[in-house]
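# Analysis of the macromolecular model
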Amino acid sequence: MELHELLYELKKREEFDIKVNVKPAIKLPAGLNKKLVYEISKAKGEPEWMTQHRLRSFEIFEKWHEPMWGVDRSELDLSRIVPYVKPDAKKTNTWDEVPEEIKQAFEKLGIPEAERKYLAGVGAQFDSEMVYKNIKEELKKLGVIFTDIETAVREYPDLLKEYFMKLVPPTDNRYAALHGALWSGGTFLYVPKGVKVPLPLQSYFLFGNPGGGQFEHTVIIADEGSEVTYIEGCTAPKYDVVNLHIGTVEVYVKRGAKLKYLTMQNWSKNMFNLEIKRAIAEEDAVMTWVSGSFGSYKTMVYPATILKGDNSVSENVSISFAGPGQHIDTGSKVIHIGRNTRSTVDARSISIGGGWSFYRGLLKIMENAKGSKATVSCTGLMIDNKSKSDTVPIIEVYNSDSDIGHEAKIGRIKEEQIFYLMSRGLSELEAKSLIVKGFIQPVVQELPFEYAIELNRLVEMEIESSIG
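Before going further, it helps to spend a moment on the overall build of the chain. Along the chain, the regular secondary structure elements total 14 helices and 25 strands. For a compact globule of 468 residues, the expected C-alpha radius of gyration is about 23 Å, and the chain comes in at 21 Å, within 12% of that figure. Once the C-alpha set of the chain is aligned to its principal axes, its extents read approximately 65 × 55 × 45 Å. Counting only residues that meet the buried cut, the chain has 59% of its 468 residues in that class.

Right under this line is the structure:
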């Protein structure tokens, strides 16, 4: 069986609802207080500087107010969230050493198969900790570092200190502060000067604990002239209690480097997904975000790029899907600082069955960013009359020597389109799926082949489950 056929079979909706019964080695009680923050640091055997970072972050969290915008979070009771669950599994670079139930779950998701066929390395996190991390030997010899953050704290402290929570400081907002106090797991990736990683690296995050929180932290540094593609995948089974995900991503793209960050999320419908993603690009650097947001109950995520260096480039392509009961609040932010910088935003959203998709964006051209060019396109497609779609694009331009374009469009599928396709022998489901696949084509073409297959399949499943 070919890989895309294997993925097609494995990615059926019921296959995503993977429940893994693994006894935790450590499970802290629900709630938020300084003692629990200290217990997380103690469980990881962290140095004093990281313990103090956590405690300072928690103090900031206690002082910060809730954001006055975004999704309704009144059902999110932080005092009921379990902040840290360590599975009874040691970290390893061999799939055979991963506990059988966890390994079976990742095999259902096709991760070991994908690693063998087309990835340069894989990280696999279950609940709060990475359980597997591996990279090809030839990349190690070139100096590429691909490990979990806990290992980076111990083995590369000076390098990590220079970047950890510098782009997303705990003072940024209330949830950044909470993340700074509770972070666990995640990825540290460093690509040396001039190294071009030929295949993507991937980390996959699997949630297994009802009522738990996942707070992984990712730091990626693409040094001067390097190139790398990183893929992030997320899955969680559905429980009857609220779960919380506050992952944070910091990306540093040095002079002349190119970095593409692909995200494919498929959270369960009981998840509050409140992510923070931010990149800074130096001179002649290129930063690309490609995002697919599926699942979750409420989502807030707005990948941001700061174009600090002259001639730097930002590309942001995203698709979000809001089904029954979902509110997906996504978007993008780009800040032009350097001269002759360029950015494009192509955000597409789909709402169906009463779902609510919301685009929220910020484009800011600073005074010295002369000669800059930027285009923003946000498009919402509603499949029925019950669904909602909004766009709030904010554009601020502080010089008169830049070229800015903007387009926003919201509409419903036309009945005559459905009728025409059904008159050609397609069912209503097939007709709607075909229209939606055409709508998301610009996103699909940015994905590796195997992920494009997965995205199309996810769209089919979401439409099928939404219209019955």
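Anyway, onward from the coordinates.
Turning to unusual backbone geometry, a few remarks are in order. Residues other than glycine seldom take positive phi values, yet D127 does so here, at roughly 55 degrees. Turning to its location among the elements, D127 is positioned in the loop between strand 3 (121–126) and strand 4 (129–135). Even without being glycine, N311 reaches a positive phi, approximately 65 degrees. With respect to the element layout, N311 can be found in the loop between strand 18 (304–307) and strand 19 (313–322).

Moving on, we get to the environment of G371. Looking at where G371 falls in the secondary structure, it is placed in the loop between strand 22 (356–365) and strand 23 (373–382). Overall, the relative accessible area of 27% leaves G371 in the partly exposed class. Ignoring sequence-local partners within four residues, the contact set of G371 consists of N340, T341, D401 and S402.

Glancing now at the pairing of strand 3. In terms of residue burial, strand 3 counts as a mostly covered element, since six of its six residues are buried. A two-sided burial pattern is seen for strand 3, the buried positions comprising G121, G123 and Q125 on one face and V122, A124 and F126 on the other. For strand 3 and strand 4, the ladder comprises six bridges, and the chain directions are antiparallel. Note on strand 4: the bridge partner recorded for G121 is I135. Taken together, strand 3 and the strand that follows it, strand 4, pair antiparallel across an intervening segment of two residues, in which D127 is found at a positive phi of about 55 degrees. Sheet topology note: the strand 3/strand 7 (residues 201–206) ladder contains six bridges and is parallel. Considered in strand 7, the bridge of Q125 is made with F205.

Turning next to the pattern of salt bridges. Under the defined criterion, the tally for this structure stands at 25 salt bridges. For E232, the salt bridge goes to K277, with nearest N and O atoms at 3.0 Å. On the criterion of sequence distance, the pair formed by E232 in strand 10 (residues 227–235) and K277 in strand 15 (residues 276–281) is long-range, its members being 45 residues apart. Exposure remark for K277: the relative accessible area of 4% places this residue in the buried category. In the salt-bridge network here, residues are joined through shared partners; they are K44, K91, E129, D148 and E150.

This part covers the side chain of K277. Polar contacts involving the side chain of K277 include one to the side chain of E232, which spans 3.0 Å. Within the local environment of K277, its side chain forms a polar contact with the side chain of T263, the two groups lying 2.8 Å apart. Leave out the neighbours within four places in its chain, and K277 touches E232, V249, Y261, T263, W289, V301, Y302, P303 and A304.

Bringing the environment of E232 into the picture now. Given a relative accessible area of 0%, E232 falls into the buried group. Linking E232 and L455, residues 223 residues apart in sequence, is a C-alpha distance of 14 Å. Not counting the four nearest positions on each side in its chain, E232 is found in contact with S203, F205, E216, V249, Y261, L262, T263, M264, Q265, E275 and K277. Of the polar contacts made by the side chain of E232, one reaches the side chain of Y261; its length is 3.0 Å.

This part is about the nonpolar core. Residues I102, F106, I440 and L455 are the most contacted members of the largest nonpolar core, which totals 50 residues. Element by element, the count of residues in this core is highest for helix 14 (residues 449–467), at seven residues. Those residues in contact with F106 that sit more than four places away from it in its chain are W95, I111, P112, A124, Q125, V131, Y204 and L206. In terms of nonpolar packing, the next biggest core, distinct from the first, is built from 36 residues, Y230, V249, A281 and A369 among them.

A full pass over the atoms with the stated rule returns 14 aromatic pairs. Each ring, one from F207 and one from W267, has its centre 6.5 Å from the other, and the planes form 85 degrees; the classification is edge-to-face. Pair noted here: F207 is in the loop between strand 7 and strand 8 (213–214) and W267 is in strand 13 (residues 258–267), with a separation of 60 residues, a long-range link. Neither residue differs from the other here; F207 and W267 are each classed as buried. Through a chain of ring-to-ring contacts, three or more aromatic side chains come together here, namely W95, F106, Y132 and Y204. In this arrangement the basic side chain of K133 is found over the ring face of F146, its NZ or CZ atom lying 4.5 Å from the centre. Its end group placed over the ring of W356, K388 keeps NZ or CZ at 3.8 Å from the ring centre.

Below, the discussion takes up the environment of S387. Residue placement: S387 occurs in the loop between strand 23 and strand 24 (388–397). Separated by 36 residues in the primary sequence, S387 and S351 place their C-alpha atoms 5.7 Å from one another. If near-sequence neighbours (up to four positions away) are discounted, S387 is found in contact with S351, I352, G353, G354, G355, M382 and R412. Within the structure, S387 has its side chain in polar contact with the backbone nitrogen of I352 (distance 3.2 Å). There is a polar contact of 3.1 Å between the side chain of S387 and the backbone nitrogen of G354.

On to the sheet that holds strand 13, then. Ordered in space as 4-3-7-10-13-16-19-21-23-25, the ten strands form an open sheet in which the pairing is mixed. Pairing within the sheet leaves two strands with one partner each, and these edge strands are strand 4 and strand 25 (403–412). Each strand of the sheet is rotated relative to its neighbour by a mean of 5 degrees, with strand direction disregarded. With nine bridges joining them, strand 10 and strand 13 adopt parallel strand pairing. Its bridge partner being in strand 13, T235 is matched across the sheet by N266.

Parameters and conventions
Residues numbered from 1 in each chain as written. Predicted model: local features only at pLDDT ≥ 70, side-chain atom pairs only at ≥ 80, totals over all residues. Heavy atoms only, no water. Helix = DSSP H or I, 4+ residues; strand = E, 2+ residues; numbered from the N terminus. Rg over C-alpha atoms; globule rule 2.2 N^0.38 Å. Buried < 20%, exposed > 50% of the residue type's maximum accessible area, 1.4 Å probe, protein only. Contact = heavy atoms within 4.5 Å. Pairing = 2+ DSSP bridges. Salt bridge = Lys/Arg side-chain N within 4 Å of Asp/Glu carboxyl O. Polar contact = N/O pair within 3.5 Å; in protein donor to acceptor, adjacent residues only side chain to side chain. Core = buried A, V, L, I, M, F, W, Y, C linked by side-chain atoms within 4.5 Å. Phe/Tyr/Trp six-rings, centres within 6.5 Å; stacked < 30°, edge-to-face > 60°. Lys NZ or Arg CZ within 6 Å of the ring centre and 35° of its normal. Axes fitted to C-alpha atoms, helices over the stretch in contact; angles between N-to-C directions.

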